[in-house]
Amino acid sequence: MLRSLIAQLTGRPNRLLAFDEVKEKLNLRGSVYRGIQRVPLDHIIGSVNRYQDFDRAFLPIHRHMADRWIAVGTVLFQEANLPPVRLYKVGDAYFVLDGHHRISVARTLGWQEIEAEVIEVRSRVPVGSDLQAEDLEILHEYEEFLERTRLDLLRPEANIRFTIAGGYQRLLEHIAVHRYFMGLEEGREISEDEAVAHWYDTVYLPVVKTIREHGLLEDFPNRTEADLYLWIMDHLYYLREAYGPEVNPEIAALDYAEQFAEHPIRRLVNELRRAVEGMSALPPMEGKPRI
């Protein structure tokens, strides 16, 4: 009850994830039996069929579960052997097939790991143990983006993550425009794979390198390189319209960070600087010294 109340007050979710929902959103396909392993308990974040019976910390929600929970707790406390739990593994996250009460009691007793029989289900997109239900829509978009572009096959090191919905659709538009101009420049039909790889190497990656070299993400807490890439490219278009085509992505990136930093201290400094600049640009008031 206390965890539920805290979740309501903070707006942070307190429920287990439903495996079927994750499977549908991420288009999971294929599985591999991984055998018996030691699994971190805090990486178990969902269930196949009992996600409404336990909260995110695997505390039981319903009173009728008390007898079963106490019985399992007694056995574990006495260090008697119990069979391994059964889990699905998706990325770094796990979902319970069997053994909910054992996991619940083990976490309450302060265990860090539990023995589990693991079946890994392949995901095309990376999945972390901090996955929340609200992340699934963006991950669904990412899966569709990879299905369309094959970027994970063309550039396996690529990891384009957004915090905002709609980002991957805009990347598809960027790639389509890039492909069009590549065709004009080279006078031939450009394959989609070639356009995707060339866009990543010559457009996306240079902007990301600028973001990293100048530490621009520090001024945008809780955002990603992909978020910043989109905003910088929009800003680049604006600057070129205003000042001409000689404006390059690095200039646009630095100017964007200077003007729109979300970090509280940097934002305050920028606002004060702009205020001072605005005041110094005002004509002097009659009878009063100019600031």
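Figured I'd write up the structure that's included with this text. (Residues numbered from 1 in each chain as written. Predicted model: local features only at pLDDT ≥ 70, side-chain atom pairs only at ≥ 80, totals over all residues. Heavy atoms only, no water.)

### Some remarks on the layout of surface pockets
Picture a little ball the size of a water molecule; that probe, rolled over the atoms, points out where space is still empty. The condition that has to hold: Of the two site types, the cavity is a set of points on a 1 Å grid over the protein atoms alone where a 1.4 Å probe fits but cannot get out, and the pocket is an open set with protein on both sides within 12 Å along at least five of seven lines, each lined by residues with an atom within 4 Å of a point. Grid points are joined across faces, edges and corners, and a volume is the space filled by probe spheres set on the points. Secondary structure follows DSSP: runs of H or I at least 4 residues long count as helices, runs of E at least 2 residues long count as strands, and numbering of each begins at the N terminus. Classification used: nonpolar for Ala, Val, Leu, Ile, Met, Phe, Trp, Tyr, Cys and Pro, charged for Asp, Glu, Lys and Arg, polar for all others including Gly.
In this structure, the largest pocket occupies an estimated 610 Å³ of space. For the lining of the largest pocket, the secondary structure elements donating two or more residues are helix 7 (167–186), helix 8 (192–213) and helix 9 (225–243). Split into classes, the residues belonging to the lining of the largest pocket amount to 12 nonpolar, 4 polar and 5 charged.

### Here's the deal with the side chain of His178
Our working rule: Buried means the residue's accessible area, taken with a 1.4 Å probe over protein chains only, is under 20% of the maximum for its type, while exposed means over 50%, and partly exposed covers the values in between.
Mapped onto the fold, His178 is located in helix 7. Of the residues examined, His178 reaches a relative accessible area of 16% and is grouped as buried.

### With respect to the environment of His178
As a reminder, the rule being used: In what follows, residue pairs with any heavy atoms lying within 4.5 Å of each other are defined as contacts. Counted as a polar contact is a pair of N or O atoms within 3.5 Å, where, for protein atoms, one must be capable of donating a hydrogen and the other of accepting one, and residues adjacent in sequence contribute only when both atoms are in side chains.
Counting along the chain gives 20 residues from His178 to His198, while the straight-line C-alpha distance between them is 8.6 Å. Each residue touching His178, except ones within four places of it in the same chain, is listed here: Ala195, His198, Trp199, Thr202 and Val203. Separated by 2.8 Å, the side chains of His178 and His198 make a polar contact.

### Things to note about the pattern of salt bridges
Cut-off, in case you're wondering: When a carboxyl oxygen of Asp or Glu lies within 4 Å of a side-chain nitrogen of Lys or Arg, that pair is called a salt bridge.
For the structure shown, the criterion picks out 19 salt bridges. Here Arg150 makes a salt bridge to Asp193, at a shortest N to O gap of 2.9 Å. Remark: Asp193 occurs in helix 8 and Arg150 occurs in the loop between helix 5 (136–149) and helix 6 (151–154); sequence separation between them is 43 residues. The class for Arg150 is partly exposed, based on a relative accessible area of 33%. Judged by its relative accessible area of 28%, Asp193 falls in the partly exposed class. A salt bridge links Arg179 to Glu189, with the nearest nitrogen and oxygen atoms 3.6 Å apart. On the criterion of sequence distance, the pair formed by Arg179 in helix 7 and Glu189 in the loop between helix 7 and helix 8 is long-range, its members being 10 residues apart. We classify Glu189 as exposed; its relative accessible area is 66%. Where salt bridges share partners, they join Arg29, Arg124, Glu143, Glu147 and Asp152 into one cluster.

### Re the packing of helix 9 against helix 10 (residues 249–260)
Stated formally: Geometry is summarised by axes, namely lines fitted to C-alpha atoms with helices restricted to the contacting stretch, and by angles between N-to-C directions that run from 0 to 180 degrees. Relative orientations are named as follows: roughly parallel for angles under 35 degrees, roughly antiparallel for angles over 145 degrees, roughly perpendicular for angles from 65 to 115 degrees, and oblique for any other angle.
Remark: helix 9 packs on helix 10, axes separated minimally by 8 Å, with the N-to-C direction vectors making an angle of 105 degrees. The pairing of helix 9 with helix 10 is recorded here as roughly perpendicular in orientation. Of helix 10, the residues touching helix 9 (which contributes Leu228, Trp231, Ile232, His235, Leu236, Leu239 and Arg240) are Pro249, Ala252, Ala253, Asp255, Tyr256, Gln259 and Phe260. Across the contact of helix 9 with helix 10, the residue classes break down as 10 nonpolar, 2 polar and 2 charged.

### Thoughts on the sheet that holds strand 2 (residues 31–40)
The condition that has to hold: Between any two strands, at least two bridges found by DSSP are needed for them to pair.
The 6 strands are arranged 1-3-5-4-6-2 in an open sheet whose pairing can be described as mixed. Edge positions in the sheet fall to strand 1 (17–18) and strand 2, since each has one partner strand and no second. By the bridge criterion, 2 bridges tie strand 1 to strand 3 (residues 44–47) in an arrangement that is parallel. The residue of strand 3 that forms the bridge with Ala18 is Ser47.

### Observations regarding a nonpolar patch on the surface
Counted only if it meets this: Two joining distances apply to patches: 9 Å for like charges and 5 Å for nonpolar side chains (Val, Leu, Ile, Met, Phe, Trp, Tyr), and every residue must have over 30% relative accessible area and no salt bridge. In these tables, accessible area is a Shrake-Rupley quantity obtained with a 1.4 Å probe, and a residue counts as shielded only by the protein chains included in the view.
On the surface, Val177, Tyr180, Phe181 and Leu184 cluster together into a nonpolar patch covering about 440 Å² of accessible area. The topology assignment puts Leu184 in helix 7. Judged by its relative accessible area of 53%, Leu184 falls in the exposed class.

### Observations concerning the nonpolar core
Across soluble globular proteins, you tend to see nonpolar side chains buried next to one another. Note the following rule: By convention a nonpolar core is built from buried Ala, Val, Leu, Ile, Met, Phe, Trp, Tyr and Cys residues, the set being connected through side-chain atoms within 4.5 Å.
Of all hydrophobic cores here, the largest spans 53 residues; its most connected members are Phe145, Ile160, Leu171, Trp199 and Tyr229. At the level of secondary structure, the elements contributing two or more residues to this core comprise helix 2 (19–26), strand 5 (93–98), helix 5, helix 7, helix 8, helix 9 and helix 10.

### Here's the deal with the packing of aromatic side chains
For clarity, the threshold we go by: Paired rings are identified among Phe, Tyr and Trp, the last through its six-membered ring, by centres lying within 6.5 Å, and are further divided according to the angle between planes into stacked (under 30 degrees), edge-to-face (over 60) and tilted (the rest).
Using the criterion set out here, one finds 14 aromatic pairs in the structure. Considering the side-chain rings of Tyr200 and Tyr204, the 5.7 Å spacing of their centres and the 20 degrees angle between planes classify their relative orientation as stacked. Highlighted residues: Tyr200 and Tyr204, both in helix 8, separated by 4 residues, approximately one helical turn. The pair formed by Tyr200 and Tyr204 is uniform in burial state, with each residue classed as buried. Taking the centre distance of 5.8 Å and the plane angle of 20 degrees together, the rings of Phe220 and Tyr256 count as stacked.

### Quick look at the environment of Tyr168
Its location among the elements puts Tyr168 in helix 7. With 22 residues separating them in the primary sequence, Tyr168 and Leu146 have C-alpha atoms 9.4 Å apart. Excluding anything up to four places from it in sequence, Tyr168 contacts Ile138, Glu141, Tyr142, Phe145, Ile160, Arg161 and Phe162. Within the local environment of Tyr168, its side chain forms a polar contact with the backbone nitrogen of Phe162, the two atoms lying 3.5 Å apart.

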